[in-house]
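Below are the chains, spelled out letter by letter.
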Amino acid sequence: IMEASHGSAWLMSTPWPGASVHYRERTASTMDDARALARAGCPSGTVAAAGYQEKGRGRVPGRTWISVPGQSLLATVVLKVPQLGYGLQELPLRAGAAVALGIEDAAGISVQIKWPNDIVAAPGSPSAGKKLAGILCESDGEAALVGFGVNCAQASFPDEIAATACSLFQVCGSVPPIPALLSAILLRLHASPAESSWLEDVRRRLHGQGSAVRVDLIGSGRTAEGTLLDIDERGRLVLQLSDGRRETVSQGELLTHP
């Protein structure tokens, strides 16, 4: 059961036996809260959630997660690596698939996955290509930490991100209860080890497929450009270069326009 001061709407169970959801109205970072819970020996599936976080961070170093109190789902799940049921290297993509499917289940919309695991509005939406959710995976000893933020109730965004961000409210005009959205995502994440279709779930939702893209190869100081063909069985991005060669990219940030 969720340990919360937010009222009965946040009382919920998790799919993992013995795990609970720890909710705070305000925190520095759910990732930091989850790390503390992991180090204290919490069971796999324990969740740190918050209505607002002061120091939320993104996958790309130096990026922050901007959120208005009460308008986003902000959570981090603690998963014990020996109990994952798959290799740790698969976690970011599996987490992306789980968040995408959970959003679709709870909100009744289609979304796309911007490799490796940002969630964006699907074509046909006025917000097509804009970011709905971000995911950050970190590890700490034998704990894997899956953090995610989903824009839910925002009617607008600050100027610096208005062109690239969107919310469920903007996409479909309504917002599922945030605890229900969290529950849907947790169910998908819990089911992931048994899902042989997870990679196909990502492929079917792959944002930018068939388009010319540029990939910032984070940390290397260079970029790769080509046509986005697919992702391979190891979750790497497959590009066709201008000379016809193919290049696989295992880590980076996808930019949909070169």
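The structure under discussion appears in the preceding block.
This section reports on the structure supplied with the text.

What counts as what
Counting of residues starts from 1 at the beginning of each chain's written sequence and follows it residue by residue. Where local features are concerned, this predicted model is filtered to residues with pLDDT of at least 70; where side-chain atom pairs are given and counted, the filter is 80 or more; whole-chain, interface and lining totals use all residues. Only heavy atoms go into the side-chain values, all of them from the structure, while hydrogens and water stay out. Only DSSP runs of H or I covering at least 4 residues are called helices, and only runs of E covering at least 2 are called strands; the numbering of each starts at the N terminus. At least two DSSP bridges between two strands are needed for those strands to be called paired. To get an axis, fit a line to the C-alpha atoms, keeping to the stretch in contact for a helix; angles then go from 0 to 180 degrees between the N-to-C directions. Buried, partly exposed and exposed residues are distinguished by accessible area as a fraction of the type maximum, computed with a 1.4 Å probe on protein chains only: under 20%, between the cut-offs, and over 50%, respectively. Working convention for charge: Lys and Arg count positive, Asp and Glu count negative, and His plus the chain ends are omitted. Every case where a carboxyl oxygen of Asp or Glu lies within 4 Å of a side-chain nitrogen of Lys or Arg is listed as a salt bridge. Two N or O atoms count as a polar contact when they lie within 3.5 Å, although within protein this holds only if one can serve as hydrogen donor and the other as acceptor, and sequence-adjacent residues are included solely when both atoms are side-chain atoms. The contact definition used throughout considers only heavy atoms, calling two residues in contact when any of these lie within 4.5 Å. Pairing of aromatic side chains here covers Phe, Tyr and the six-membered ring of Trp, requires ring centres within 6.5 Å, and sorts the geometry by plane angle: under 30 degrees stacked, over 60 edge-to-face, intermediate tilted. In this analysis the charged atom, NZ for Lys or CZ for Arg, is taken to sit over a ring once it is within 6 Å of the ring centre and within 35 degrees of the ring normal. Geometric relationships in this document are graded by angle, where less than 35 degrees denotes roughly parallel, more than 145 denotes roughly antiparallel, 65 to 115 denotes roughly perpendicular, and other angles denote oblique. Left-handed describes a crossing whose near helix is turned anticlockwise from the far helix through less than a right angle; right-handed describes the clockwise counterpart. Amino acid classes used here: Ala, Val, Leu, Ile, Met, Phe, Trp, Tyr, Cys and Pro are nonpolar; Asp, Glu, Lys and Arg are charged; the rest, including Gly, are polar.

## Concerning unusual backbone geometry
The bulk of non-glycine residues show a negative phi, and the bulk of peptide bonds are trans.
Working step 1: The omega torsion across Trp 115 and Pro 116 is 0°, close enough to zero to call that bond cis.
Working step 2: Considering the arrangement of structural elements, one finds Pro 116 in the loop between β4 (111-114) and β5 (118-121).

## Brief notes about the sheet that holds strand β10 (residues 237-240)
Working step 1: If you walk across this open sheet you meet the 5 strands as β11-β10-β9-β8-β12, and the pairing is antiparallel. The open sheet is flanked by β11 (246-249) and β12 (253-255), the only strands paired with a single partner. Averaged over all pairs of adjacent strands, the angle between their axes in this sheet comes to 45°, without regard to strand direction.
Working step 2: Strand direction decides the pairing type here: strand β8 (residues 212-217) and β12, joined by 3 bridges, are antiparallel. Counted as the bridge partner of Val 215 is Leu 254 from β12.

## Overview of the side chain of Lys 80
Working step 1: Along the chain, Lys 80 turns up in strand β3 (residues 72-80).
Working step 2: Although buried, Lys 80 forms no salt bridge, and the nearest oppositely charged side chain, Glu 142, lies 7.2 Å from it.
Working step 3: A polar contact of 2.7 Å, which involves the side chain of Lys 80, links it to the backbone oxygen of Cys 42.
Working step 4: Residues contacting Lys 80, with those up to four places away along its chain left out, are Gly 41, Cys 42, Pro 43, Ser 44 and Glu 142.

## Regarding the packing of aromatic side chains
Working step 1: Applying the stated rule across the entire model yields 0 aromatic pairs.
Working step 2: One cation-aromatic arrangement involves Arg 94 over Tyr 86; the distance from NZ or CZ to the ring centre is 4.1 Å.

## Brief notes about the sheet that holds β3
Working step 1: Across the sheet, which stays open at both edges, the 7 strands sit in the order β1-β2-β3-β7-β6-β5-β4 with mixed pairing between neighbours. Here the strands that pair on one side only, and so sit at the sheet edges, are β1 (21-24) and β4. On average, each strand axis in the sheet is inclined to that of its neighbour by 20°, with strand direction left out of account.
Working step 2: Of the strands in this sheet, β1, β2 (47-50), β3, β6 (131-140) and β7 (143-151) touch helix α1 (residues 30-39), which is tilted by about 25° from β3.
Working step 3: Its contacts with the sheet place helix α4 (residues 178-191) against β1, β2, β3 and β7, and it is angled at close to 30° to β3.

## Some points on the pairing of β4
Working step 1: The alternating pattern of β4 places Val 111 and Ile 113 on one face and Gln 112 and Lys 114 on the opposite face, and all of these are buried.
Working step 2: With 4 bridges connecting them, β4 and β5 associate as antiparallel partners. Bridging from a neighbouring strand, Lys 114 pairs with Asp 118 of β5.
Working step 3: In textbook terms, the turn of a hairpin is the stretch between consecutive antiparallel strands, and for β4 and β5 this stretch comprises 3 residues.

## Points about the pattern of salt bridges
Working step 1: Inspection of every chain in the model, using the stated rule, returns 17 salt bridges.
Working step 2: Taking the shortest distance from any N to any O, the salt bridge between Asp 140 and Arg 35 comes out at 3.0 Å. With Asp 140 in strand β6 and Arg 35 in helix α1, this residue pair connects regions lying 105 residues apart in the sequence.
Working step 3: Close ionic contact of Arg 205 with Asp 201 constitutes a salt bridge, the shortest N to O distance being 3.9 Å.
Working step 4: You can call Arg 205 buried: its relative accessible area is 13%.
Working step 5: Here Asp 201 falls in the buried class, since its relative accessible area comes to 9%.

## Some remarks on the packing of helix α2 (residues 91-107) against α4
Working step 1: At a minimum axis distance of 8 Å, the contact between α2 and α4 shows a crossing angle of 135°. For the element pair α2 / α4, the angle class is oblique. Like other packed secondary-structure pairs, α2 and α4 cross with a definite hand, here right-handed. Together, Ala 95, Ala 98, Val 99, Leu 101, Gly 102, Ile 103, Asp 105 and Ala 106 of α2 and Ala 180, Leu 181, Ala 184, Ile 185, Arg 188 and Leu 189 of α4 make up the contact between the two elements.
Working step 2: Among the residues forming the contact of α2 with α4, the class breakdown is 11 nonpolar, 1 polar and 2 charged.

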